[in-house]
Amino acid sequence: MATAPPPPIDAPGREAGDRMLALLTELFPICRAKTGAGVRESLALLADRLPTGGGEWTMTEVPTGTPILDWEVPPEWNVRDAFLRDPADPPGVRLVDFGESNLHVLSGSAPVDRRVSWSELQGRLRTAPGRPADVPFRTCEPGADWGLCVSQEQYDELAARGEREYELRVDATVADGSLTYAEFVLPPTAPAPDGPNEVLISTHVCHPSLAHDGVSGIAVATELARTLVERPRRRFSYRFLFAPATVGAIAWLAGNRDCADRMFGGLTLACCGDDGPFTLRRSRRGDSPVDRAAAHVLKTSGEPHEVREFAPFGYDQRQFCSPGFDLPVAALSRTPDGEYPEYHTSADDLSLVSAAGLAGALGVCAAVFDVLERDRTCRNLKPFGEPRLGPSGLYAAFGADPAGAAAQRAVQWVLNLSDGSRSLLAIAERSGLPFAAVAAAADALLAHGFLTDDRSADLSLGSHT
Amino acid sequence: MATAPPPPIDAPGREAGDRMLALLTELFPICRAKTGAGVRESLALLADRLPTGGGEWTMTEVPTGTPILDWEVPPEWNVRDAFLRDPADPPGVRLVDFGESNLHVLSGSAPVDRRVSWSELQGRLRTAPGRPADVPFRTCEPGADWGLCVSQEQYDELAARGEREYELRVDATVADGSLTYAEFVLPPTAPAPDGPNEVLISTHVCHPSLAHDGVSGIAVATELARTLVERPRRRFSYRFLFAPATVGAIAWLAGNRDCADRMFGGLTLACCGDDGPFTLRRSRRGDSPVDRAAAHVLKTSGEPHEVREFAPFGYDQRQFCSPGFDLPVAALSRTPDGEYPEYHTSADDLSLVSAAGLAGALGVCAAVFDVLERDRTCRNLKPFGEPRLGPSGLYAAFGADPAGAAAQRAVQWVLNLSDGSRSLLAIAERSGLPFAAVAAAADALLAHGFLTDDRSADLSLGSHT
Amino acid sequence: MATAPPPPIDAPGREAGDRMLALLTELFPICRAKTGAGVRESLALLADRLPTGGGEWTMTEVPTGTPILDWEVPPEWNVRDAFLRDPADPPGVRLVDFGESNLHVLSGSAPVDRRVSWSELQGRLRTAPGRPADVPFRTCEPGADWGLCVSQEQYDELAARGEREYELRVDATVADGSLTYAEFVLPPTAPAPDGPNEVLISTHVCHPSLAHDGVSGIAVATELARTLVERPRRRFSYRFLFAPATVGAIAWLAGNRDCADRMFGGLTLACCGDDGPFTLRRSRRGDSPVDRAAAHVLKTSGEPHEVREFAPFGYDQRQFCSPGFDLPVAALSRTPDGEYPEYHTSADDLSLVSAAGLAGALGVCAAVFDVLERDRTCRNLKPFGEPRLGPSGLYAAFGADPAGAAAQRAVQWVLNLSDGSRSLLAIAERSGLPFAAVAAAADALLAHGFLTDDRSADLSLGSHT
């Protein structure tokens, strides 16, 4: 009988963490943008890393100019090289070099290949004055602007040289092409519940060499797919969406206008790699199953965390939660975007992330979907007084140690509140016990005939109290 | 496009503050009571100070003995002079002199003109022992009692003189007459919403020379009328009621038994002149539009404030909120009656109030009625994903400065939550942004075709969340 | 007119406290268990102490083997003596002696009368290692185990003697017999409300010499019966249940399967004798009248207290609140079971309890049932404006002292909120005034024709706000 205490949420442990960190490290150097070769290269790498076992991988190319909701797909932008040279320097000496950091090119910059005076150049150099050693990440609409991004220290050195001419090259193209996104869909392996039965896990793939804000979400989503593939039973269909932020999500939504009908819940993942506190931003609905499951998992996790109400800011959650779709998609991160000093600079590098940080995020995600998979509404078959558990060995099953005592308490809560009106998640919320403990107690009671779960899935998750 | 940050609530500024302080200073010396010449003189002065521009001024005299709800109009009380003399003193020397402070006479005192011994007199002298230098304000039913009010120090000096006879004169009259109240009604200048469309602003006019507790409410109400007259559009009718406390409100209610049908909301104003924190006491309904608007204005004002639940105490709110009427009338003040040491003594004088204090109160009132006037429920016409704001110049409209960023956030909140179920006030409450910022964002979005407000006025103000 | 301030909740005072302490002291030495002579002796003593005046006393014997819900009545267990001797000691010297403390025998122990080696014995001696001087209270199913309970110090002394043989005698019987519980029912003396009209007060009677956890509840329940007998009007029927914990409550429920239909509310009483803070654990329903009344009484009592949500732990509340019955039974205690260091040891003796502690608990109980008896929904007959109270003497009735001012406030609250939708308890909750003050104000207003209570009893207790 499964009466072990619930696994701590960092259970994925070292192996999965190392795997995520390795993938993140592979992805980190690739120069991604909203469109172009960097995204395709990254997605191809993912296709290779995603688990086998029934999942279906598709990549979608949406041509430039395609109308997508209120927008249209932009021209494709690619960059091969970029540098700034002082003609007086020996050949090969680059003052600013794309090869050192792909953040040096303004993402979307029009191509340039000519001499520019310091007077003209200085207005085209973006810096992060508050972080003088770091190169900022800046973007523009494809071809709508041009320039480089440099550290304030680089800028000051250039300024100290005084007025002169530089060789500037941005070897980029802005042309008709397409926007690329990928999906990995795991079908159910158990009878699906009535009603919406798809779960969305979405992460953005458009950031260049940014570790925490950029590729950490991709790494966690990929490993989460592995976790779900290994799960013996899945009653939901899981759709992993890897798409450029904003325009990618909008493109996907444009092709999935009916998604609200099939979406049971979802999570956007970003900023999952540092060791900061977890942050959940609820969906616009605020109290959907995934909102409740994620808030409960964090609350009982023992991990520092913050649960925030929905706000229409941040990454793609605001597209999924626009009022026309209003999908029950929550946003999970560790330290959120914009709330750490290295955000959108070259200092958001591999030193900011760790295998442990990634594993913690994976653990929370896995626990959230474990709640969705295992939640159901049971009914106590012996509701008059407390039933005699001893003959079934249900008392003996729990040791006198604290874990056994907690399991015993879970049994009593499940028996008391399983009157057909509350799901196991509602019981976990009410009792303050981890869902895993409540679900284990329910499994044991079901096995011994104390409960029935003829309502095999209560998708509304029952009432709160 | 109106995207300026919301005006701070002290926007009325110096000019309006000076005007209010000047009016208050004029009104202060007049000896008002529940009835009589002082009230009429004060109201006549108001009639002169209220703005022209379509408002209608009426004064109502309700004769003594008229039944008013469970009461009847009392006899009219007037006082011309009052003093206490020691016959041994030189002529003209008054030990207590109404000319120095009209608080010296017990308000409602029967007339007296005779010699009284110290033995008899001492029981007729009211003091405020806890504030030995101040004269208390005390009242009785007209003619039901007689006496003077003196400082404890005056009392002690008289007591030190020992037993002797004094000349006491209270030159008052108690006679059939009438109770006087005045109304100033501003009609709507824009299409009125369906349903109740009258707003009540009420303040008491029965206090003699008391500055904060007495005339500050009159000054703010008068200037508020000017603010509303200058407003380009008013969809509500505004009724300003200047009446003696309790019996005046009861007389008005007796003549307006149908007021509940037409009353959209209201505020009682009193104690508006000091620099203490704002205090809102919600109406008995607790969550009416004016309650919500006032609580929101205070919450986002940056001003120290307290929002209290309804309680059947204080000034005329408890009459308007008696269960038979249950009007949605909230009470706004700075430091409330009874909660400052100078309350109902001669120390509640001009030194307690200031132009800035009055202007702050006016600003809150103006902001509250700005909410009621501008609130409406809109619908996002491009609800699928976030719409493209750039081509309309709606991004460019907002600068990179903090005010521009706040305006941008307001635009995103309005777009996300305008699904036809929430009014702008509900969006302001949910987002925590000032209503003015939300309304400005809605105006801009309406102007550019992103929103519709075909439900031009949602009088229920939509749901909360 | 009854306008005195509400009595403090320790009103029962010295006499009742002394009576409870005397009863507790009589009951303390009796060796009670789940079944057997000790329970019967204790109940017989109660029958003698309960008040006359219309109450009906019944004792019920349920034979061994009777099915009771999911259980059956266990064999009856009795013990006459128990001891441990070293044969080397002089005759009469007992190393462990039931005569010193009835906790020394494992409650339910099979009979033993033979020599046992230290090797065998040591596993049969229960201790409380954390409290070396105290004998623990331990139990087993009748005859399922055998042994003694000793202090850790006693154990260590025995261990120091080394291996040897002891004379062990547990003069107990395990045999068919019966389980005993008693009821004392006070019928209504006033018209009963429609719907459920029975109130249950339950306390366990199965603990041997334990003062706070054991007999304090019995003492308070007995004195509460006296308080209720002396009450001039009772609209509810009061059923006091004295039963062994768990199996006794289950036996009673088995014989009262229809109890949910007649149960208006109830309290379980245990751990009522120390001077710790009061603890209310709400019923499973959470917001039933008795939950609200008890929470309100504690909140306005000025006594330290904690109000907890329901949890399916502790004494018999969890049987009454099992989902099949779901009775509105709250649990009241001072320091709860398991939350004080002397719990279930010989240190839970008479030194832990006091007349004042018992009287405080009695006062809370009496106040709770006073709320249930006096609560009703009234209607203000003069709801337009505030009515004129002076002519009825209702102002004069209240002095200028703080108690008078509180009474005056209660009058204003009752008038304002008595619109037929709120009961007096709802008004007390809303106003924060003690129920007794609100009820006294209502009585005065009813007597003077300001209110009607034609809905003589609002069993739902009206809405909250």
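- The name given to chain A in an unreviewed UniProt entry is Polysaccharide biosynthesis protein with aminopeptidase-like domain protein, with the source organism recorded as Alienimonas chondri.

Let's talk about the overall build of chain A
Then, in step 1: Scanning chain A for helices and strands turns up 13 helices and 19 strands.
Then, in step 2: With the C-alpha coordinates of chain A rotated into their principal frame, the extents come out at 90 × 45 × 35 Å.
Then, in step 3: Per-residue burial over chain A gives 59% buried out of 465 residues.
Then, in step 4: Here the contacts in chain A between residues at least 6 apart in sequence split such that 80% fall between residues at least 24 apart.
Then, in step 5: Accessible surface computed for chain A: about 16,900 Å², of which carbon and sulfur atoms make up 50%.
Then, in step 6: Charged side chains in chain A number 44 positive and 62 negative. The centres of these two groups are separated by 5 Å.

A look at the domain arrangement of chain A
Then, in step 1: Along its sequence, chain A is carved into domain 1 (13-74 + 200-374), domain 2 (77-175) and domain 3 (377-452).
Then, in step 2: For domain 2 of chain A and domain 3 of chain A, the distance between their C-alpha centroids amounts to 64 Å.

Some words on the side chain of serine 431 of chain A
Residue and element names in this part refer to chain A.
Then, in step 1: With respect to the helices, strands and loops of the structure, serine 431 is situated in helix H12 (residues 424-431).
Then, in step 2: Of the polar contacts made by the side chain of serine 431, one reaches the backbone oxygen of alanine 428; its length is 3.4 Å.
Then, in step 3: Polar side-chain contacts of serine 431 include one of 3.1 Å to the backbone nitrogen of leucine 433.
Then, in step 4: Setting aside anything within four residues of it in sequence, one finds serine 431 in contact with Trp413 and Val438.

Notes on the environment of alanine 243 of chain B
Residues and elements named next belong to chain B.
Then, in step 1: Within the secondary structure layout, alanine 243 lies in strand E12 (residues 237-243).
Then, in step 2: On the basis of relative accessibility, which here comes to 2%, the residue alanine 243 falls in the buried class.
Then, in step 3: Setting aside residues up to four positions removed in sequence, alanine 243 forms contacts with Tyr181, Thr203, His204, Val205, Gly248 and Ala249.

Details of the relation of the copies chain A and chain B
Then, in step 1: Laying chain A over chain B is done by rotating through 120° and shifting 0.0 Å along the axis; what remains is an RMSD of 0.0 Å. Here the symmetry operator amounts to a three-fold rotation axis.

Describing the interface of chain B and chain C
Then, in step 1: On the side of chain C, 17 residues touch chain B, which itself brings 19 residues to the contact.
Then, in step 2: Interface area for chain B against chain C, summed over the two sides, is near 1,700 Å², with a carbon-plus-sulfur share of 53%.
Then, in step 3: Close ionic contact of arginine 284 of chain B with aspartate 419 of chain C constitutes a salt bridge, the shortest N to O distance being 3.0 Å.
Then, in step 4: At the boundary of chain B and chain C, one finds 13 residue pairs in polar contact (both at pLDDT 80 or more).
Then, in step 5: Residue composition of the side of chain B that touches chain C, by class: 10 nonpolar, 4 polar and 5 charged.

Considerations on the packing of helix H11 (residues 402-417) of chain C against helix H13 (residues 435-447) of chain C
Residues and elements named next belong to chain C.
Then, in step 1: Between H11 and H13, the shortest axis-to-axis distance is 8 Å and the interhelical angle comes to 70°. Considering their axes alone, H11 and H13 lie roughly perpendicular with respect to each other. Note on element contacts: H13 touches H11 through Ala437, Val438, Ala441, Ala442 and Leu445, opposite Ala410, Val411, Val414 and Leu415.
Then, in step 2: Taken together, the residues that form the contact of H11 with H13 break down as 9 nonpolar, no polar and no charged.

A short note on the pattern of salt bridges
Then, in step 1: All told, the structure shown has 120 salt bridges over all chains when counted by the stated rule.
Then, in step 2: The partner of arginine 308 of chain A in a salt bridge is glutamate 339 of chain A, with the nearest N and O atoms 2.8 Å apart. A residue pair is termed long-range when its members are at least 10 positions apart, and arginine 308 of chain A in strand E15 (residues 305-308) and glutamate 339 of chain A in the loop between strand E16 (329-333) and helix H10 (355-374) qualify at 31 residues.
Then, in step 3: The residue arginine 115 of chain C makes a salt bridge to glutamate 167 of chain C at a minimum N-O spacing of 3.8 Å. Here arginine 115 of chain C is found in strand E6 (residues 112-117), whereas its partner glutamate 167 of chain C is found in strand E9 (residues 165-175), with 52 residues between them in sequence.
Then, in step 4: Look at the salt bridges and you will find they share partners, linking Arg231, Asp370, Arg374, Arg376, Asp443 and Asp453 of chain A into a network.

Some remarks on the nonpolar core
Then, in step 1: Counting residues in hydrophobic clusters, the biggest one holds 87 residues, and the most contacted among them are Phe240 and Phe369 of chain A.
Then, in step 2: Considering each element in turn, this core owes the most residues, 11 residues, to H10 of chain A.
Then, in step 3: Two domains each provide a minimum of three residues to this core, namely domain 1 (13-74 + 200-374) and domain 3 (377-452) of chain A.
Then, in step 4: Leaving out residues up to four positions away in the same chain, phenylalanine 369 of chain A has contacts with Val199, Ile201, Leu224, Leu228, Tyr238 and Leu267 of chain A.
Then, in step 5: Leu186, Ala359, Leu415 and Ala442 of chain C belong to the second-largest nonpolar core, a separate cluster that totals 84 residues.

Focus: helix H4 (residues 152-160) of chain C
Residues and elements named next belong to chain C.
Then, in step 1: Listing the buried residues of H4 in full gives Gln152, Gln154, Tyr155 and Leu158. All buried residues of H4 lie within an arc of 155° about the axis, which places them on one face of the element. Among the exposed residues of H4, those pointing more than 90 degrees away from its buried face are Glu157 and Ala160.
Then, in step 2: Here the buried face of H4 lies against strand E4 (76-85), strand E5 (96-97), helix H3 (118-122), strand E7 (125-126) and E9.
Then, in step 3: Glycine 162 lies just past H4 and shows a positive phi near 80°.

A closer look at the packing of helix H1 (residues 13-27) of chain C against helix H5 (residues 211-229) of chain C
Residues and elements named next belong to chain C.
Then, in step 1: In the contact formed by H1 and H5, the axes pass within 9 Å of each other and the chain directions differ by 135°. Considered as vectors, H1 and H5 are oriented oblique to each other. As for how H1 packs across H5, the hand of that crossing is right-handed. Only Ala211, Val215, Ser216, Ile218, Ala219, Val220, Thr222, Glu223 and Arg226 of H5 make contact with H1, whose side of the interface consists of Ala16, Arg19, Met20, Leu23, Leu24 and Leu27.
Then, in step 2: Among the residues forming the contact of H1 with H5, the class breakdown is 10 nonpolar, 2 polar and 3 charged.

Notes on the sheet that holds E9 of chain C
Then, in step 1: Read from one edge to the other, the open sheet built from 4 strands follows the order E5-E4-E9-E6 (chain C), with strand pairing classed as antiparallel. A single partner strand is all that each edge strand has here, and the edge strands are E5 and E6 of chain C.

Quick notes on the packing of aromatic side chains
Residue and element names in this part refer to chain A.
Then, in step 1: One pass over the structure, following the stated rule, counts 30 aromatic pairs over all chains.
Then, in step 2: Arranged with centres 5.8 Å apart and planes meeting at 75°, the rings of tyrosine 340 and tyrosine 343 form a pair that is edge-to-face.
Then, in step 3: Residue class for tyrosine 340 comes out buried when judged on its relative accessible area of 8%.
Then, in step 4: According to the relative accessible area criterion, tyrosine 343 is partly exposed, its value standing at 24%.

Describing the environment of aspartate 113 of chain B
All names here are of chain B.
Then, in step 1: Secondary-structure assignment places aspartate 113 in strand E6 (residues 112-117).
Then, in step 2: Overall, aspartate 113 belongs to the exposed group, its relative accessible area being 58%.
Then, in step 3: When the C-alpha atoms of aspartate 113 and valine 170 are compared, they prove to be 6.4 Å apart, with 57 residues separating the residues in sequence.
Then, in step 4: Ignoring any residue separated from it by four or fewer positions in sequence, one finds aspartate 113 in contact with Leu168 and Arg169.

A look at the pairing of strand E13 (residues 263-269) of chain C
Residues and elements named next belong to chain C.
Then, in step 1: For E13, the tally of buried residues reaches 7 of 7 residues, placing the bulk of the element in the interior.
Then, in step 2: As paired elements, strand E11 (residues 198-204) and E13 share 5 bridges and run parallel to each other. Within the sheet, the bridge partner assigned to isoleucine 201 lies in E13 and is leucine 267.
Then, in step 3: As judged from the 4 bridges shared by E13 and strand E16 (residues 329-333), these two strands associate in the parallel manner. Of the residues in E16, the one forming a bridge with glycine 266 is valine 329.

What about the interface of chain A and chain B?
Then, in step 1: Between chain A and chain B, the contact holds 19 residues from the first and 17 residues from the second.
Then, in step 2: For the pair chain A and chain B, the summed buried area comes to about 1,700 Å², and 53% of that belongs to carbon and sulfur atoms.
Then, in step 3: Inspection of the region where chain A meets chain B yields 3 salt bridges.
Then, in step 4: One salt bridge in this structure joins arginine 318 of chain A and glutamate 386 of chain B, with 2.7 Å as the shortest N-O distance.
Then, in step 5: Summed over the shared surface of chain A and chain B, the number is 13 residue pairs in polar contact (both at pLDDT 80 or more).
Then, in step 6: In terms of residue class, the side of chain A that touches chain B is built from 10 nonpolar, 4 polar and 5 charged.

Overview of the sheet that holds strand E17 (residues 377-380) of chain C
All names here are of chain C.
Then, in step 1: Reading across from one edge, E18-E17-E19 is the order of the 3 strands in this open sheet, with antiparallel pairing throughout. Because the sheet does not close on itself, it has two edges, and the strands there are strand E18 (419-423) and strand E19 (451-452).
Then, in step 2: Bridging between E17 and E19 involves 2 bridges; their strand directions are antiparallel. The partner of asparagine 380 across the bridge, within E19, is leucine 451.
Then, in step 3: Along the sheet, helix H12 (residues 424-431) contacts E17 and E18; its crossing angle with E18, the most-contacted strand, is approximately 75°.

What counts and what doesn't
Residues numbered from 1 in each chain as written. Chains lettered and ligands numbered in written order. Predicted model: local features only at pLDDT ≥ 70, side-chain atom pairs only at ≥ 80, totals over all residues. Heavy atoms only, no water. Helix = DSSP H or I, 4+ residues; strand = E, 2+ residues; numbered from the N terminus. Buried < 20%, exposed > 50% of the residue type's maximum accessible area, 1.4 Å probe, protein only. Contact = heavy atoms within 4.5 Å. Areas by Shrake-Rupley, 256 points an atom, 1.4 Å probe, with all protein chains shown as cover. Lys, Arg positive; Asp, Glu negative; His and termini not counted. Charge placed at Lys NZ, Arg CZ, Asp CG, Glu CD. Domains from an automatic or database assignment. Polar contact = N/O pair within 3.5 Å; in protein donor to acceptor, adjacent residues only side chain to side chain. Least-squares fit on C-alpha atoms with pLDDT ≥ 70 in both. Buried area = accessible area lost by both parts, 1.4 Å probe. Salt bridge = Lys/Arg side-chain N within 4 Å of Asp/Glu carboxyl O. Nonpolar A, V, L, I, M, F, W, Y, C, P; charged D, E, K, R; others polar. Axes fitted to C-alpha atoms, helices over the stretch in contact; angles between N-to-C directions. Parallel < 35°, antiparallel > 145°, perpendicular 65-115°, else oblique. Core = buried A, V, L, I, M, F, W, Y, C linked by side-chain atoms within 4.5 Å. Arc of directions from axis to C-beta. Left-handed = near helix turned anticlockwise from the far one by under 90°. Pairing = 2+ DSSP bridges. Phe/Tyr/Trp six-rings, centres within 6.5 Å; stacked < 30°, edge-to-face > 60°.

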